[in-house]
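A structural walkthrough
Each chain, written out:
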Amino acid sequence: MRLRHIAVGAGALALLCVPAHAEARDISRDPLPANDGWASEGAGTTGGAAADEAHVFTVTDRAELVAALDAGSATPKIIKVAGTIDANTDADGEHLDCADYATDGYSTKKYLSAYDPRTWGSAKPSGPQEEARQASAARQAERVTLTVGSNTTLVGLKGAVLKGASLQVRNASNVIVRNLDLRDAYDCFPVWQPNTGGLGDWKTAYDNIWLTGSHHVWVDHVTLGDKGHPDEKEPTYFGRNYLRHDGLLDITNGSDLVTVSWSRFTGHDKAMLIGSGDAATGDRGKLRVTLHHNEFDSVVQRAPRVRFGQVHVYNNRYVVPEDAADHRYSIGVSTESGVYAQNNAFDTPGHVEVADLVKSWNGTALHDEGTLFNGFPVDLLPIYNAYNSGSERDLTADVGWTPTLHTKIDSAERADQEVARGAGAGRIP
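The rules behind each value
Residues numbered from 1 in each chain as written. Predicted model: local features only at pLDDT ≥ 70, side-chain atom pairs only at ≥ 80, totals over all residues. Heavy atoms only, no water. Phe/Tyr/Trp six-rings, centres within 6.5 Å; stacked < 30°, edge-to-face > 60°. Helix = DSSP H or I, 4+ residues; strand = E, 2+ residues; numbered from the N terminus. Buried < 20%, exposed > 50% of the residue type's maximum accessible area, 1.4 Å probe, protein only. Lys NZ or Arg CZ within 6 Å of the ring centre and 35° of its normal. Disulfide = S-S within 2.5 Å. Pairing = 2+ DSSP bridges. Axes fitted to C-alpha atoms, helices over the stretch in contact; angles between N-to-C directions. Patch = residues over 30% accessible without salt bridge, like charges linked within 9 Å, V, L, I, M, F, W, Y side chains within 5 Å. Areas by Shrake-Rupley, 256 points an atom, 1.4 Å probe, with all protein chains shown as cover. Salt bridge = Lys/Arg side-chain N within 4 Å of Asp/Glu carboxyl O. Lys, Arg positive; Asp, Glu negative; His and termini not counted. Charge placed at Lys NZ, Arg CZ, Asp CG, Glu CD. Polar contact = N/O pair within 3.5 Å; in protein donor to acceptor, adjacent residues only side chain to side chain. Contact = heavy atoms within 4.5 Å. Core = buried A, V, L, I, M, F, W, Y, C linked by side-chain atoms within 4.5 Å.

With respect to the packing of aromatic side chains
- The full count for this structure, using the stated rule, is 17 aromatic pairs.
- Between tryptophan 202 and tyrosine 237, the aromatic rings sit 6.5 Å apart at their centres with planes inclined by 70 degrees, giving edge-to-face as the arrangement. In this pair, tryptophan 202 sits in strand β11 (residues 201-203) while tyrosine 237 sits in strand β15 (residues 236-237), placing the two residues 35 residues apart along the sequence.
- Overall, tryptophan 202 belongs to the buried group, its relative accessible area being 5%.
- Members of the aromatic cluster, each reached through a chain of ring pairs, are Tyr106, Tyr111, Tyr115, Trp120, Phe189, Trp192, Trp202, Tyr237, Phe238 and Tyr242.
- The positively charged end of arginine 305 is found above the aromatic ring belonging to tryptophan 361, 4.0 Å away from the centroid.
- Across the ring face of tryptophan 361, the terminal group of lysine 359 is positioned such that the distance to the ring centre comes to 5.7 Å.

Here you go:
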């Protein structure tokens, strides 16, 4: 009898000792680890870790998310996204499409007729149809732009999706965005921008995430893409692709001290812009960004494109599919930039060569080491210099700084394997 009691007791004890990983770990109060990139500088990045229980929210629709964001307030808050939230919804939660936003007589057909370069010329669009486009665009912007304030953690629960939204971290600090699938920041009302060269282009309004004037931001294990409305399926107007998406993650207007880790950028044209413009003097001394263990899959360009910033790009994985005829470059080196690239892996089809991985606009330097190209180690910088166009100056290896804030830097081969398994939403260990 005594042995039976011991056995039952042992069984009960076993039930009490179920491993912690049997239930999903609560990551909502996790801070950025020490030394994990530029966002760990100084006091580091903790997001909403200091939030009291009254400011911990689980949201399931746009209205709840907007209320929890509290107009971008700096009150410490944790917002957990559950299920799929569609930003293009009305006050009753009903889906809104482009026709629902159109007002004042706007239509794509009328807009194209009004500003056809063959009749309109190279002047900036103006008049009734452009005014109607602006009014219609404002109606959509009111629904899809969501402002994330200081001291906020926005985190997805299992399978969480936020679609159609543009998360805008404006003049904020201490922000964490993790474990979210952010997709299809779709602009219903692109604007035509003519130029004196006669080509012009279509300009769209929304990034999936936009950091502007913000610092100490950690973006981790997010998936960003156009799923639902890929741009390659859009028509061509005025000889130019009618793009509906801007960037996946843009870091501009003096933003600083940012870490982007273990995230997946997929199926997009211009993925990531760091820096506002060649004359953006407010960016000098800022735009310090770390990109590590991210996957750039089927990205045409800007992975990233950098102006001014000291940007550490290490242990990232780049995948160019066989049918990617439109690939332009991966790393863009622009005005006064200092890109320090280490142990990145590239997997490309035969028509993409080593020299195609870099593009320079007024850039002067690129530090590169440990690059793996289709399984073979390559010296990226001398190959680029040997094959660049006559209009581009050779780049030197001296970017003027050496990273000190970083986690363990693995070989490109190991990083390639681990990022393939671990990058993106839903893959936090």
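Focus on the state of the cysteines
- Under the counting rule described, the total for this entry stands at one disulfide.
- Bridging cysteine 98 to cysteine 188, the disulfide has an S-S length of 2.1 Å. Its S-S torsion of about -80 degrees marks the bond between cysteine 98 and cysteine 188 as left-handed, since a negative value means left-handed. Note that cysteine 98 is positioned in helix α3 (residues 98-101) and cysteine 188 in the loop between β9 (181-183) and β10 (191-193), a separation of 90 residues in sequence.

Some points on the sheet that holds strand β24 (residues 310-314)
- Spatially, ten strands are ordered β1-β2-β5-β8-β13-β18-β21-β24-β27-β30 in an open sheet, and the strand pairing comes out parallel. Each edge of the open sheet is held by one strand with a lone partner, namely β1 (56-59) and β30 (366-369). Pairwise comparison of adjacent strand axes, ignoring direction, gives a mean angle of 10 degrees for this sheet.
- Pairing geometry for strand β21 (residues 289-292) and β24, over four bridges, is parallel. For valine 289, the partnering residue across the bridge sits in β24 and is valine 311.

Details of a negative patch on the surface
- A cluster of acidic residues, Glu232, Glu322, Asp323, Asp326 and Asp347, forms a negative patch at the surface.
- Along the chain, aspartate 347 falls in strand β28 (residues 345-347).

Thoughts on the pairing of β21
- Because side chains alternate across β21, one face comprises the buried residues Val289 and Leu291, and the other comprises Thr290 and His292, equally buried.
- Pairing of strand β18 (residues 256-261) with β21, which is carried by four bridges, proceeds in the parallel orientation. In the strand pairing of β21, serine 261 is matched with histidine 292.

So, the pattern of salt bridges
- By the definition in use, this model includes 21 salt bridges.
- Put simply, glutamate 142 and arginine 143 hold a salt bridge, and the shortest N to O gap is 3.2 Å.
- Classification of arginine 143 by relative accessible area gives buried; the value is 14%.
- Across the pair arginine 183 and aspartate 181 runs a salt bridge, and its minimum N-O distance is 2.6 Å.
- Arginine 183 sits in the buried class, given a relative accessible area of 17%.
- A residue is classified by how much of its surface remains accessible, and aspartate 181, at 16% relative accessible area, is buried.
- Overlapping salt bridges, with partners in common, bring together Arg264, Glu295, Asp297, Arg317 and Asp416 in one network.

Details of unusual backbone geometry
- Of note, the amide linkage connecting alanine 303 to proline 304 takes the cis form, showing an omega dihedral of 0 degrees.
- Its place among the elements puts proline 304 in the loop between β22 (295-301) and β23 (305-306).
- Although it is not a glycine, asparagine 179 adopts a positive phi angle of roughly 60 degrees.
- Within the secondary structure, asparagine 179 is located in the loop between β8 (173-178) and β9.
- For asparagine 179, a relative accessible area of 10% puts it in the buried group.
- Unlike most non-glycine residues, asparagine 315 shows phi in positive territory, near 55 degrees.

A short note on the side chain of aspartate 283
- Positionally, aspartate 283 belongs in the loop between β20 (273-274) and β21.
- Although aspartate 283 lies buried, it forms no salt bridge, and the closest oppositely charged side chain, arginine 307, sits 7.1 Å away as judged by the N-O distance.
- A distance of 2.9 Å separates a polar atom in the side chain of aspartate 283 from the backbone nitrogen of serine 276.
- Among all residues touching aspartate 283, those that are not within four sequence positions of it are Thr252, Asn253, Gly254, Gly275, Ser276, Gly277 and Phe308.

Examining the nonpolar core
- In this structure, Leu65, Leu167, Ile209 and Phe265 are the most contacted members of the largest nonpolar core, which totals 82 residues.
- Those residues within four positions of isoleucine 209 in sequence are excluded, and the remaining contacts are Leu167, Val177, Leu182, Val219, Leu224, Leu248, Leu249 and Asp250.
- Within the second largest apolar cluster, seven residues are counted, among which are Trp38, Leu257, Tyr340 and Leu405.

Let's talk about the sheet that holds strand β3 (residues 84-86)
- Spatially, ten strands are ordered β3-β6-β9-β14-β19-β22-β25-β28-β31-β32 in an open sheet, and the strand pairing comes out mixed. Of all the strands in the sheet, the pair left with one neighbour each is β3 and β32 (376-378). For this sheet the average axis-to-axis angle between neighbouring strands, irrespective of direction, equals 20 degrees.
- When β9 meets strand β14 (residues 223-225), the two strands line up parallel, connected through three bridges. Note on β14: the bridge partner recorded for arginine 183 is glycine 225.

In short, shape yes, function no, at least from these values alone.
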